[in-house]
Amino acid sequence: MSAEAPAGGTGLSGTPGETASTAPDGATGPATSAGPAGPVGSGTTPVATLGTRALAPVFVRLKLSLLRNGLRQSSGRTAAYVVSVVFALLIAAGQLLGLILLRGNDGAGTLVVMLTAIVALGWAMLPLFFPSGDETLDPSRLVMLPLRPHALIGALLAASLVGIGPLFTLCLVLGSAIAVAHGGAAIALSVVVVPLTLLVCLALSRAVAAANIRLLTSRKGRDLAVLSGLVIAVGIQFVNFGVQRLSEAGGLSALDPVADVLRWLPPASAIGAVDSVSEGAYGQAALQLLLSLAALAALMYSWQRSLVKLMTAPDGSTIAAAGPARKESASGLSRLLPEGRTGTVMQRSLWYVWRDPKTKAAWITSLAIGLIVPLVNALQGSGSIYLACFAAGMLGIQMYNQFGQDTSAFWMVALTISSTRDAYLELRARAFALLVITLPYSALVTILTAALLGDWRALPEALGLSFALLGAMMATGAVASARFPYSIPQDSAYKNVAPGQGGLAWISILGGMLGGALLCAPVIGLTIGLHVSGADGLTWLVLPVGTAYGALIAWAGVKVAAPQTASRLPEILTAVSKG
């Protein structure tokens, strides 16, 4: 993918016909020395002598070419992008209007400073959780080009201005400046502050990405990106909780102490400078503005140092190990697991949870949501200890589509299954591997919920219901894995079901969840019956009964699924190999 050079100028490789070269400091002179782009006196501008002014248009056009060619890949991607652009523009216009209407409000200064700090934090975290969102975030793609770092960072910073994110940020920063600017001096300062704040956010994002690019392009980086769903889920819950607390505490005035600190942290300090000028504190405004300018200079310097190191230092993955090969020893996990097929399958399943990005993402999401829902409701005072069963339900879903995570490698598993007994041992071991995590975690969530609510009397029955639900989900998950397997694409970071198998996945999960709830009916009926009859002192019986019932129903589900698995091995292999 390439971008054309500007008319009459030079591209990344230099084009003939130019009689002068632009040095990094902007000086010009005849091209009389040999360079990477051409011999002496050839009239070609060496790429190494190009400054930011010459490179910036090329990089902007390159960014636009990447965007245009990416949208040409499919009509669905184009439609999704257009919808997201329209949606983002509507939100940006709405926030700009809202901030303008906030002008003159007593809490405007506190709000805009907080918003600017949150946006800057988002820019810093964006490359960590979405490293593949922008291909130009990886400057190692340009390592073979003789480009000087200080010219390169200027061109990359100009390319960063292209996109929905910068436009969204610009609207927010512009609205924030308008909300707090009162008087001619504040309005004049806003002309400098708005682009400065935007540049600090972009430079922060680029500096973080350049400093961590080798981590982000590795498997550990992809594992880090998996945490994005967890961060978003937790963040939404905390925002909801914070809004409720603010409404109880009397509004934005409760945030004044936090805002007073953030006014001195770039880039929020730039917006704070506008507010200070409006109040007549010119000395304080000058210091706040200098802090943002110093932060921009420091980020650019850090970015340049990271680029120099990235583009000159060898990658550790290409360096051969100097020492002798280490002998593999049995891990602590394998020593704790039983011997034979059961231990081997359990270890393989647990390694999937730890190393496979798709499996890890599903587990982290289930663990987070299973913990957040009951605890947040308990903190808000509107929860119930029975909501702790939500954790068991979310974790039980991991039993579904057990063979889909194997993808086409399921043929190796299929070779080891020659009888119903082998299929039973395979499914039982996979269920045991899940129980190693789900049993203690479900108990922990239930205990934490009881502690927050102070409802310790209901703890035994809540644990019994959770264990019964977990066993029911194991049973229905085993049957669904045999009857409704589907493929999990490995070449897509966003698709968890292969095209054409979406309906199969929904039937498997929704049907299994409804079946699990129905299978728990006896234990639920026992709990309700004890409360209705007034025998509250006997509700502790739900714990042993629910535990025994969950174990029994899980065993029965695996026994039912085993012959179906053994007889449908070719069909399962075909279904899970489509991704």
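Residues numbered from 1 in each chain as written. Predicted model: local features only at pLDDT ≥ 70, side-chain atom pairs only at ≥ 80, totals over all residues. Heavy atoms only, no water.

A. Expanded view of the overall build of the protein. Within the protein one finds 21 helices and two strands. Within the protein, counting contacts between residues at least 6 apart in sequence, those at least 24 apart form 80% of the total. Of the roughly 28500 Å² of accessible surface on the protein, 68% is carried by carbon and sulfur atoms. (Helix = DSSP H or I, 4+ residues; strand = E, 2+ residues; numbered from the N terminus. Contact = heavy atoms within 4.5 Å. Areas by Shrake-Rupley, 256 points an atom, 1.4 Å probe, with all protein chains shown as cover.)

B. Expanded view of the side chain of Q288. As for its position among the elements, Q288 is in helix α10 (residues 282-312). Look past the residues within four positions of Q288 in its chain and what remains in contact with it is R263, W264, S269, A270, G272, A273 and S276.

C. Geometry of the environment of L99. Locating L99 in the fold gives a position in helix α2 (residues 75-101). Judged by its relative accessible area of 5%, L99 is buried. C-alpha separation for the pair L99 and L111, spaced twelve residues apart in sequence, amounts to 9.3 Å. Once residues lying within four places of it in the same chain are set aside, the contact partners of L99 are V112, L115, L172, G175, S176 and A179. (Buried < 20%, exposed > 50% of the residue type's maximum accessible area, 1.4 Å probe, protein only.)

D. Just the side chain of T116, in detail. Looking at the secondary structure, you find T116 in helix α3 (residues 108-129). For T116, the side chain forms a polar contact with the main-chain oxygen of V112, separated by 2.8 Å. Every residue in contact with T116, bar those within four places of it in the chain, is listed here: S176, T197, P267, A268 and I271. (Polar contact = N/O pair within 3.5 Å; in protein donor to acceptor, adjacent residues only side chain to side chain.)

E. Region of the structure containing the packing of helix α19 (residues 521-532) against helix α20 (residues 542-567). α20 packs onto α19 with a crossing angle of 170° between their chain directions and a minimal axis gap of 10 Å. In terms of their interaxial angle, α19 and α20 are classed as roughly antiparallel. Together, P522, V523, L526, T527 and L530 of α19 and V542, V545, G546 and Y549 of α20 make up the contact between the two elements. Among the residues forming the contact of α19 with α20, the class breakdown is seven nonpolar, two polar and no charged. (Axes fitted to C-alpha atoms, helices over the stretch in contact; angles between N-to-C directions. Parallel < 35°, antiparallel > 145°, perpendicular 65-115°, else oblique. Nonpolar A, V, L, I, M, F, W, Y, C, P; charged D, E, K, R; others polar.)

F. Representation of the packing of helix α16 (residues 420-453) against α20. Close contact between α16 and α20 brings their axes to 8 Å; oriented N to C, the two are set at 130°. One element, α16, and the other, α20, form an angle in the oblique class. Regarding α16 and α20, the two cross each other, and that crossing is right-handed. Two secondary-structure elements touch here, α16 through T420, A423, Y424, L427 and R428 and α20 through W555, V558, K559, A561, A562, P563, T565 and A566. By residue class, the composition of the contact of α16 with α20 is nine nonpolar, two polar and two charged. (Left-handed = near helix turned anticlockwise from the far one by under 90°.)

G. Representation of helix α21 (residues 569-576) in the model. Here α21 has its buried residues at L569, I572, A575 and V576. The arc that holds every buried residue of α21, seen down its axis, measures 130°, which confines them to one face. (Arc of directions from axis to C-beta.)

H. Fine view of the nonpolar core. If you look at the biggest cluster of nonpolar residues, it comprises 55 residues, and the most contacted ones within it are F59, V112, L152, L189, V193, V274 and W303. Looking at this core, the elements that each hand over two or more residues are α1 (52-71), α3, α4 (149-160), α5 (164-180), α6 (184-216), α9 (268-278) and α10. Considering every element that reaches this core, the biggest residue donor is α6, with twelve residues. If near-sequence neighbours (up to four positions away) are discounted, V274 is found in contact with A177, V180, A181, A186, L189, S190 and V193. (Core = buried A, V, L, I, M, F, W, Y, C linked by side-chain atoms within 4.5 Å.)

I. Inspection of a nonpolar patch on the surface at higher detail. Taken together, the side chains of L538, W540, L541 and V545 make up a nonpolar region of the molecular surface, amounting to roughly 340 Å² of accessible area. By the element assignment, L541 lies in the loop between α19 and α20. (Patch = residues over 30% accessible without salt bridge, like charges linked within 9 Å, V, L, I, M, F, W, Y side chains within 5 Å. Salt bridge = Lys/Arg side-chain N within 4 Å of Asp/Glu carboxyl O.)

J. Spotlight on the pattern of salt bridges. Scanning all chains against the criterion turns up six salt bridges. Notably, a salt bridge pairs D275 with R263, separated by 2.9 Å at the nearest N-O pair. You can see D275 sitting in helix α9 and its partner R263 sitting in the loop between α8 (256-262) and α9, a full twelve residues away along the chain. Judged by relative accessible area, D275 falls into the buried class, the value being 11%. A salt bridge links R341 to E426, with the shortest nitrogen-to-oxygen separation between them at 2.9 Å. Of this pair, R341 sits in helix α12 (residues 340-355) while E426 sits in helix α16, placing them 85 residues apart in sequence. A network of salt bridges, in which partner residues are shared, links R341, R348, D406, E426 and R430.

K. Representation of the packing of aromatic side chains. For the structure on display, the rule yields one aromatic pair. Look at F403 and F410: their rings are 5.0 Å apart centre to centre, the planes differ by 55°, and that puts the pair in the tilted class. Each member of the pair, F403 as well as F410, carries the same accessibility label: buried. Cation over ring: K360 sits above W354, and NZ or CZ is 5.3 Å from the ring centre. Sitting over the face of the ring of Y424, K559 holds its NZ or CZ atom 5.0 Å from the ring centroid. (Phe/Tyr/Trp six-rings, centres within 6.5 Å; stacked < 30°, edge-to-face > 60°. Lys NZ or Arg CZ within 6 Å of the ring centre and 35° of its normal.)

L. How the structure looks around the state of the cysteines. In this structure the tally under the stated criterion is zero disulfides. Not engaged in a disulfide, the cysteine C520 finds its nearest cysteine sulfur in C389; these two sulfurs lie 8.3 Å apart. (Disulfide = S-S within 2.5 Å.)

M. A look at the environment of N377. The topology assignment puts N377 in helix α13 (residues 357-379). One polar contact links the side chain of N377 to the main-chain carbonyl oxygen of V373, over a distance of 2.6 Å.

N. Looking closely at unusual backbone geometry. Of the consecutive residues P266 and P267, the connecting peptide bond is found in the cis state with omega at -5°. Of note in this structure, N401 is not a glycine but carries a positive phi near 50°. Structurally, N401 can be placed in the loop between α14 (389-396) and α15 (410-415). On the basis of relative accessible area, N401 is assigned to the buried category, the value being 4%. One non-glycine residue, T407, lies in the positive phi region at around 50°. Tracing the sequence through the fold places T407 in the loop between α14 and α15. Residue class for T407 comes out buried when judged on its relative accessible area of 17%.

O. Spotlight on the confidence of the model for the protein. Per-chain confidence: the protein averages 78 in pLDDT, with 74% of residues scoring 70 or above. When pLDDT is averaged over each element of the protein, α20 comes out on top at 94 and strand β1 (residues 20-22) at the bottom at 36. Scored below 50 in pLDDT, residues 1-44 shows 79 contacts in the model against residues more than four places distant or in partner chains. Note on residues 317-330: pLDDT under 50 across the span, and two contacts to partners over four residues away in sequence or across chains. (pLDDT = per-residue confidence, 0-100.)

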